[in-house]
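Chain by chain, the residues run as shown.
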Amino acid sequence: MEVVRVVVGPLATNSYVVCQGDECVVVDPGDEGERLLRALGGRSLVAVVATHLHFDHVGAVAHLVEATGAPFYAHPADWRIYKALNEVAPSWGFEVPELPTPRDPGERLWLFDVLHTPGHTPGSISLVAGDAVFTGDTLFRGSVGRTDLPHGDWRELTRSVCRLYQLPGHLVVYPGHGPPTTIGSEAAGNPFINADVCGNERQSNRY
Ligand SMILES: [Zn+2]
Ligand SMILES: [Zn+2]
(Lines give C-alpha, C1' and ligand atoms only; values in the text may rest on other atoms or scores of the structure.)
(Ligands and ions follow the chains in the order given, each with its own letter.)
Protein backbone atom coordinates (compact mmCIF):
# COMPACT_ATOMS: atom_id res chain seq x y z
CA MET A 1 0.00 0.00 0.00
CA GLU A 2 1.32 3.39 -1.03
CA VAL A 3 0.43 6.58 0.89
CA VAL A 4 1.05 10.00 -0.65
CA ARG A 5 0.42 13.06 1.47
CA VAL A 6 -0.72 16.17 -0.42
CA VAL A 7 -0.99 19.31 1.74
CA VAL A 8 -3.84 21.44 0.42
CA GLY A 9 -5.81 24.61 1.03
CA PRO A 10 -5.54 27.58 3.38
CA LEU A 11 -5.56 25.44 6.56
CA ALA A 12 -2.80 23.12 5.30
CA THR A 13 -5.02 20.05 5.39
CA ASN A 14 -3.43 16.67 4.69
CA SER A 15 -5.13 14.92 1.81
CA TYR A 16 -3.96 11.34 1.36
CA VAL A 17 -3.88 9.44 -1.89
CA VAL A 18 -3.78 5.79 -0.80
CA CYS A 19 -3.15 3.22 -3.52
CA GLN A 20 -2.86 -0.53 -3.82
CA GLY A 21 -2.03 -1.82 -7.27
CA ASP A 22 -4.21 0.02 -9.76
CA GLU A 23 -6.77 1.28 -7.24
CA CYS A 24 -6.69 4.40 -5.08
CA VAL A 25 -8.80 6.07 -2.43
CA VAL A 26 -8.50 9.73 -1.51
CA VAL A 27 -8.88 10.46 2.20
CA ASP A 28 -9.90 14.04 3.07
CA PRO A 29 -9.76 15.86 -0.27
CA GLY A 30 -9.66 19.27 1.36
CA ASP A 31 -8.94 21.43 -1.68
CA GLU A 32 -7.01 21.53 -4.97
CA GLY A 33 -8.88 18.75 -6.75
CA GLU A 34 -6.74 18.90 -9.88
CA ARG A 35 -3.58 18.28 -7.88
CA LEU A 36 -5.20 15.27 -6.22
CA LEU A 37 -6.33 13.89 -9.58
CA ARG A 38 -2.77 14.24 -10.89
CA ALA A 39 -1.46 12.33 -7.85
CA LEU A 40 -3.55 9.34 -8.97
CA GLY A 41 -1.12 8.99 -11.87
CA GLY A 42 -3.72 7.36 -14.11
CA ARG A 43 -4.84 4.81 -11.52
CA SER A 44 -8.54 4.49 -10.81
CA LEU A 45 -10.22 6.28 -7.91
CA VAL A 46 -12.51 3.76 -6.23
CA ALA A 47 -13.73 5.92 -3.32
CA VAL A 48 -13.51 9.34 -1.73
CA VAL A 49 -13.78 9.36 2.05
CA ALA A 50 -13.86 12.13 4.64
CA THR A 51 -12.65 11.47 8.20
CA HIS A 52 -15.19 14.14 9.21
CA LEU A 53 -17.17 16.90 7.55
CA HIS A 54 -15.32 20.10 8.46
CA PHE A 55 -15.05 22.32 5.39
CA ASP A 56 -11.25 22.09 5.22
CA HIS A 57 -11.44 18.30 4.69
CA VAL A 58 -14.07 18.23 1.94
CA GLY A 59 -13.43 21.21 -0.37
CA ALA A 60 -12.49 19.02 -3.35
CA VAL A 61 -15.00 16.18 -2.82
CA ALA A 62 -17.44 17.43 -5.48
CA HIS A 63 -14.59 17.97 -7.95
CA LEU A 64 -13.26 14.42 -7.53
CA VAL A 65 -16.70 12.81 -7.64
CA GLU A 66 -17.68 14.73 -10.77
CA ALA A 67 -14.37 13.95 -12.50
CA THR A 68 -14.28 10.22 -11.71
CA GLY A 69 -17.76 9.06 -10.63
CA ALA A 70 -16.23 7.60 -7.44
CA PRO A 71 -18.62 7.22 -4.49
CA PHE A 72 -18.24 9.52 -1.48
CA TYR A 73 -18.27 8.18 2.06
CA ALA A 74 -18.70 9.97 5.40
CA HIS A 75 -20.24 9.07 8.74
CA PRO A 76 -23.98 9.87 8.89
CA ALA A 77 -23.61 11.54 12.32
CA ASP A 78 -21.70 14.38 10.63
CA TRP A 79 -23.88 14.47 7.52
CA ARG A 80 -27.01 15.11 9.60
CA ILE A 81 -25.46 18.32 11.02
CA TYR A 82 -23.21 19.37 8.13
CA LYS A 83 -24.30 23.02 8.12
CA ALA A 84 -24.14 23.34 11.91
CA LEU A 85 -20.68 21.74 12.05
CA ASN A 86 -19.38 24.46 9.75
CA GLU A 87 -21.36 27.44 11.02
CA VAL A 88 -18.18 29.31 12.02
CA ALA A 89 -16.59 28.96 8.56
CA PRO A 90 -18.18 32.06 6.97
CA SER A 91 -17.04 34.24 9.89
CA TRP A 92 -13.49 32.97 9.24
CA GLY A 93 -13.90 33.94 5.59
CA PHE A 94 -14.44 30.42 4.23
CA GLU A 95 -17.25 29.03 2.09
CA VAL A 96 -18.96 25.80 3.11
CA PRO A 97 -18.64 23.46 0.09
CA GLU A 98 -21.65 21.84 -1.56
CA LEU A 99 -21.32 18.07 -1.21
CA PRO A 100 -22.79 15.05 -2.95
CA THR A 101 -24.85 12.94 -0.53
CA PRO A 102 -22.40 10.60 1.20
CA ARG A 103 -22.73 6.88 1.70
CA ASP A 104 -22.29 5.35 5.15
CA PRO A 105 -18.83 3.71 5.27
CA GLY A 106 -20.03 1.10 7.77
CA GLU A 107 -17.22 -0.90 9.39
CA ARG A 108 -15.28 -1.83 6.30
CA LEU A 109 -14.42 0.29 3.25
CA TRP A 110 -12.00 -0.93 0.58
CA LEU A 111 -8.83 -1.94 2.51
CA PHE A 112 -9.88 0.01 5.59
CA ASP A 113 -11.35 -1.00 8.90
CA VAL A 114 -13.49 1.97 9.84
CA LEU A 115 -13.41 3.01 13.51
CA HIS A 116 -15.97 5.50 14.79
CA THR A 117 -13.85 7.95 16.82
CA PRO A 118 -16.20 10.80 17.82
CA GLY A 119 -15.28 13.87 19.88
CA HIS A 120 -13.77 16.38 17.44
CA THR A 121 -17.07 15.93 15.59
CA PRO A 122 -19.83 13.36 16.30
CA GLY A 123 -19.13 11.52 13.04
CA SER A 124 -15.33 11.51 13.06
CA ILE A 125 -13.86 8.23 11.85
CA SER A 126 -10.36 6.72 11.73
CA LEU A 127 -9.30 4.36 8.96
CA VAL A 128 -6.93 1.45 9.59
CA ALA A 129 -5.18 -0.47 6.82
CA GLY A 130 -1.89 -2.36 6.93
CA ASP A 131 0.54 -0.39 9.07
CA ALA A 132 -1.36 2.88 8.68
CA VAL A 133 -4.13 4.67 10.54
CA PHE A 134 -5.70 7.85 9.20
CA THR A 135 -6.96 9.82 12.18
CA GLY A 136 -8.35 13.04 10.70
CA ASP A 137 -8.51 15.71 13.39
CA THR A 138 -8.83 13.20 16.26
CA LEU A 139 -5.10 12.60 16.90
CA PHE A 140 -2.05 14.56 15.74
CA ARG A 141 1.66 14.35 16.44
CA GLY A 142 1.89 15.86 19.93
CA SER A 143 -1.71 17.06 19.97
CA VAL A 144 -5.35 16.05 19.70
CA GLY A 145 -8.39 17.55 17.98
CA ARG A 146 -10.06 20.66 19.32
CA THR A 147 -13.49 20.23 20.87
CA ASP A 148 -14.53 23.88 21.13
CA LEU A 149 -16.20 23.92 17.71
CA PRO A 150 -19.96 23.12 17.39
CA HIS A 151 -20.79 19.59 18.60
CA GLY A 152 -17.26 18.93 19.90
CA ASP A 153 -17.06 16.79 23.06
CA TRP A 154 -13.87 16.40 25.10
CA ARG A 155 -14.93 13.26 26.99
CA GLU A 156 -15.83 11.54 23.74
CA LEU A 157 -12.55 12.64 22.18
CA THR A 158 -10.62 11.24 25.14
CA ARG A 159 -12.46 7.92 24.83
CA SER A 160 -11.74 7.82 21.09
CA VAL A 161 -8.03 8.61 21.44
CA CYS A 162 -7.75 5.96 24.16
CA ARG A 163 -9.39 3.51 21.76
CA LEU A 164 -6.78 4.39 19.11
CA TYR A 165 -4.05 3.65 21.68
CA GLN A 166 -5.31 0.04 21.80
CA LEU A 167 -4.03 -0.37 18.22
CA PRO A 168 -0.52 -1.80 17.71
CA GLY A 169 2.14 0.75 18.67
CA HIS A 170 4.03 0.48 15.39
CA LEU A 171 1.10 1.76 13.31
CA VAL A 172 1.91 5.00 11.51
CA VAL A 173 -0.58 7.74 12.30
CA TYR A 174 -1.45 9.94 9.31
CA PRO A 175 -3.27 12.93 10.82
CA GLY A 176 -5.48 15.57 9.21
CA HIS A 177 -2.83 18.25 9.72
CA GLY A 178 0.91 18.14 10.31
CA PRO A 179 3.50 15.36 10.10
CA PRO A 180 2.93 11.63 10.69
CA THR A 181 3.67 9.92 14.00
CA THR A 182 3.04 6.47 15.50
CA ILE A 183 0.44 5.10 17.90
CA GLY A 184 3.22 4.08 20.30
CA SER A 185 4.90 7.47 20.51
CA GLU A 186 1.60 9.30 21.07
CA ALA A 187 0.39 6.78 23.67
CA ALA A 188 3.68 7.33 25.52
CA GLY A 189 4.18 11.05 25.13
CA ASN A 190 1.17 12.96 23.80
CA PRO A 191 0.93 15.97 26.14
CA PHE A 192 -2.89 16.18 25.98
CA ILE A 193 -4.07 12.55 26.10
CA ASN A 194 -1.59 9.75 26.74
CA ALA A 195 -1.91 6.20 27.97
CA ASP A 196 -1.80 7.34 31.63
CA VAL A 197 -4.87 9.48 31.08
CA CYS A 198 -6.56 6.47 29.49
CA GLY A 199 -5.81 4.38 32.56
CA ASN A 200 -7.46 7.02 34.72
CA GLU A 201 -10.42 7.25 32.33
CA ARG A 202 -11.02 3.54 32.64
CA GLN A 203 -10.87 3.78 36.42
CA SER A 204 -13.20 6.75 36.68
CA ASN A 205 -15.71 4.96 34.46
CA ARG A 206 -16.17 2.37 37.21
CA TYR A 207 -17.97 4.87 39.43
ZN1 LIG B 1 -11.85 19.24 11.86
ZN1 LIG C 1 -8.98 19.96 9.95
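This is a predicted model, so every value here is computed, not measured.

(A) Region of the structure containing the sheet that holds strand 1 (residues 2-8). A sheet is described by the order of its strands in space; here five strands give the open sequence 1-2-3-4-5, paired in mixed fashion. Pairing within the sheet leaves two strands with one partner each, and these edge strands are strand 1 and strand 5 (72-73). Sheet topology places strand 2 (residues 13-20) next to strand 3 (residues 23-27); five bridges connect them, and they run antiparallel. Within strand 3, the position partnered with Val18 by the bridge is Val25.

(B) Expanded view of unusual backbone geometry. Although it is not a glycine, Asp28 sits at a positive phi angle of roughly 60 degrees. Along the chain, Asp28 turns up in the loop between strand 3 and helix 1 (33-39).

(C) Fine view of the coordination of the zinc ion (ligand 1). Coordination of the zinc ion (ligand 1) by the protein comes from His52 (NE2), His54 (ND1), His120 (NE2) and Asp137 (OD), over a distance range of 2.1 to 2.4 Å. Geometry at the zinc ion (ligand 1) is irregular, judged from its four donor atoms and the angles of 90 to 169 degrees they form at the metal. The sequence pattern formed by the donor residues of the zinc ion (ligand 1) is H-x1-H-x65-H-x16-D. The zinc ion (ligand 2) is placed at 3.5 Å from the zinc ion (ligand 1), the two being bridged by Asp137. Taken together, the residues span a long stretch of sequence, with His52 in the loop between strand 4 (44-49) and helix 2 (55-58) and Asp137 in the loop between strand 9 (132-136) and strand 10 (139-140) at a distance of 85 residues. In terms of burial, His52 and Asp137 fall into one category: buried.

(D) Representation of the environment of Val26 within the structure. Within the fold, Val26 resides in strand 3. Of the residues examined, Val26 reaches a relative accessible area of 1% and is grouped as buried. Each C-alpha atom of the pair Val26 and Gly169 lies 25 Å from the other, and the pair is 143 residues apart in sequence. Those residues in contact with Val26 that sit more than four places away from it in its chain are Tyr16, Val17, Leu36, Leu40, Leu45, Ala47, Val48, Val49 and Leu64.

(E) Looking closely at the coordination of the zinc ion (ligand 2). Every protein donor of the zinc ion (ligand 2) is accounted for by Asp56 (OD), His57 (NE2), Asp137 (OD) and His177 (NE2), and the metal-donor separations fall at 2.1 to 2.5 Å. Around the zinc ion (ligand 2), the four donor atoms are arranged such that angles at the metal cover 88 to 158 degrees; this shape is classified as irregular. Within one chain, the residues serving as donors to the zinc ion (ligand 2) are arranged as D-H-x79-D-x39-H.

(F) Structural detail: the environment of Arg108. Positionally, Arg108 belongs in strand 6 (residues 108-109). Arg108 sits 14 residues away from Pro122 along the chain, and the two C-alpha atoms are 19 Å apart. Filtering out sequence-adjacent residues up to four positions away, Arg108 remains in contact with Asp113 and Val114. Only 2.7 Å separates the side chain of Arg108 from the side chain of Asp113, close enough to count as a polar contact.

(G) How the structure looks around the pattern of salt bridges. According to the stated counting rule, one finds five salt bridges in the structure shown. With a closest N to O distance of 2.7 Å, Arg108 and Asp113 form a salt bridge. Owing to a relative accessible area of 35%, Asp113 belongs among the partly exposed residues under this scheme.

The rules behind these values
- Residues numbered from 1 in each chain as written.
- Chains lettered and ligands numbered in written order.
- Predicted model: local features only at pLDDT ≥ 70, side-chain atom pairs only at ≥ 80, totals over all residues.
- Heavy atoms only, no water.
- Pairing = 2+ DSSP bridges.
- Helix = DSSP H or I, 4+ residues; strand = E, 2+ residues; numbered from the N terminus.
- Donors = N, O, S within 2.8 Å, 3.2 Å for Na, K, Ca; no water.
- Tetrahedral: all angles 85-135°; square planar, octahedral: opposite > 155°, others 65-115°.
- Buried < 20%, exposed > 50% of the residue type's maximum accessible area, 1.4 Å probe, protein only.
- Contact = heavy atoms within 4.5 Å.
- Polar contact = N/O pair within 3.5 Å; in protein donor to acceptor, adjacent residues only side chain to side chain.
- Salt bridge = Lys/Arg side-chain N within 4 Å of Asp/Glu carboxyl O.

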